[in-house]
Amino acid sequence: MSVFMQKKYMSLEAYTPGEQPQDMQYIKLNTNESPYPPSPGVLEAVKSEAGRLQLYPDPECRILKERLAEANGISPENVFVSNGSDETLSFAFMAFCGEEGVAFPSISYGFYQVYADLYGVKKHIIPLSPDFSINPESYFGLNKTIVIANPNAPTGLTLAPKEVEQIISKNPASLVIIDEAYVAFGAETCLPLISKYENLLIVRTFSKSHSMAGARLGFAAAHPAVIADLEKIKYSTNPYNVNRLTQYAGIAALKDEDYYRANCLEVAKTREYTKKELIKRGFLPTASAANFLFAMHPSYGGKVLYEGLKQKGVLVRHFKGIDDYLRITIGTRGQSDALLQAIDSILNREEEHENSTN
Ligand SMILES: *Cc1c(COP(=O)(O)O)cnc(C)c1O
């Protein structure tokens, strides 16, 4: 830290993205990316827009917003777009989290904590149930901004729209932010509820379901007044937040919904296959509806497994505080088989070791 950094940031703990090591070619099951490339239409759109990079992008993202509105049965005034959904979350914390603070689950997306700290917002951390589920009642009448990932990360567990609606209706004076980064892999969206509740902000991303993590495109849906607030923050921060290539990539991706829906279905199928195979090997995975599994093995520590897998060229995510667990991104069936093979050789080696020392 330099001597110029403000004191208030001294203890700020920044978000740690999943590692992207360059020392060898890993099977990357650690950052929840899609294993599939963007659709041909997206590649075409990026290529044809590249020749206009000398021009600023449309700060209003008009066409993209219109297409997003059409695709979700809402109007463009209900739509906000951003540089990844992380930016929407950042703007939302800036815009809406005041004196009363922000509430979120004890185990959830790490950025909620970081944004709260960055903007000096008081955190109210609500414990999960022992089975990692979110108890809706513990969010009733909080009178604070509420942020919940649904499906939750890294557990993959979901709340039903009815339960989310209870939380919204029991907090009429607070904004409820539902982060639906993983909704396309098997959960039900709460987006239609925005027509009924002014205190709901739905946050979505093209990163996981639409193979565009590298393009950085997120969007949000809410009552026009809430969207206008986000626009105000955006125009006070970075009016050209979504670059030209990404805007056109997004527009093209929305034309290829069939392709992305099929990919998400395939990922969900591979998830169920991988889950079954992990259970056969003694793992205890949660009932994830996302593009990852969250699992522990009763006889092996998470760190041992994480390191063993890394040594064998398979990267998974291992978090502080939930040390027994691994979060394993679902890639292709082939990647899952490579993961399972690596796991087998770790488990067998340990067994052999036990036999030889007995
Ligand atoms: C990946 C993720 C995001 C952020 O995605 P972007 O790439 O910034 O769109 C937001 N919330 C959750 C829960 C995520 O897992």
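The structure under discussion appears in the preceding block.
Residues numbered from 1 in each chain as written. Predicted model: local features only at pLDDT ≥ 70, side-chain atom pairs only at ≥ 80, totals over all residues. Heavy atoms only, no water.

This part covers the layout of surface pockets. Considering only enclosed or pocket space, the largest pocket measures out at about 1300 Å³ in volume. What lines the largest pocket is a set of 46 residues, among which Tyr15, Thr16, Gly110, Arg317 and Phe319 lie closest to the centre. Those elements that provide at least two residues to the lining of the largest pocket are helix H3 (84-96), strand E3 (102-105) and helix H4 (111-118). Taken together, the residues that form the lining of the largest pocket break down as 20 nonpolar, 16 polar and 10 charged. Empty space within the second largest pocket amounts to approximately 510 Å³. The wall of the second largest pocket is formed by 25 residues, among which Val183, Ala184, Arg204, His210 and Glu257 lie closest to the centre. Taken together, the elements giving at least two residues each to the lining of the second largest pocket come down to helix H2 (62-72), strand E7 (200-205) and helix H8 (257-280). With six residues, the single largest contributor to the lining of the second largest pocket is H8. (1 Å grid on protein atoms, 1.4 Å probe; cavity = no way out; pocket = protein on both sides within 12 Å on 5 of 7 lines; lining within 4 Å. Points joined across faces, edges and corners; volume = space filled by probe spheres on them. Helix = DSSP H or I, 4+ residues; strand = E, 2+ residues; numbered from the N terminus. Nonpolar A, V, L, I, M, F, W, Y, C, P; charged D, E, K, R; others polar.)

Contact pair H2 / helix H7 (residues 244-255): the axes reach a minimum separation of 9 Å and the direction vectors enclose 25°. When the axes of H2 and H7 are compared, the pair comes out roughly parallel. As for how H2 packs across H7, the hand of that crossing is left-handed. For the pair H2 and H7, contact is made by Ile63, Leu64, Arg67, Leu68 and Ala71 and by Gln247, Tyr248, Gly250, Ile251, Leu254 and Lys255, respectively. (Axes fitted to C-alpha atoms, helices over the stretch in contact; angles between N-to-C directions. Parallel < 35°, antiparallel > 145°, perpendicular 65-115°, else oblique. Left-handed = near helix turned anticlockwise from the far one by under 90°. Contact = heavy atoms within 4.5 Å.)

Another point: empty space enclosed by the protein. In the structure shown here, the tally under the stated rule is one cavity of 30 Å³ or more. Contributing to the lining of the largest cavity are Glu33, Ser34, Pro35, Tyr36, Phe185, Lys208, Ser209, Asn263, Cys264, Val267 and Asn291. Among the residues forming the lining of the largest cavity, the class breakdown is five nonpolar, four polar and two charged.

Attention shifts here to the site of the ligand. Around the ligand, the neighbouring residues are Gly84, Ser85, Asp86, Tyr109, Asp179, Ala181, Tyr182, Thr205, Ser207, Lys208 and Arg216. One nitrogen or oxygen atom from the main chain of Ser85 is found 2.6 Å from an oxygen atom belonging to the ligand. Here Ser207 contributes a side-chain N or O atom positioned 2.6 Å from an oxygen atom of the ligand. For the ligand, the accessible surface in isolation is 390 Å², of which the surrounding protein chains cover 92%. Of all the cavities here, the one that holds the ligand is the largest pocket. If you tally residues by element for the shell around the ligand, the top one is H3, at three residues. (Near = heavy atom within 4 Å. Polar contact = N/O pair within 3.5 Å; in protein donor to acceptor, adjacent residues only side chain to side chain. Areas by Shrake-Rupley, 256 points an atom, 1.4 Å probe, with all protein chains shown as cover. Sits in = over half its atoms within 2 Å of the grid points.)

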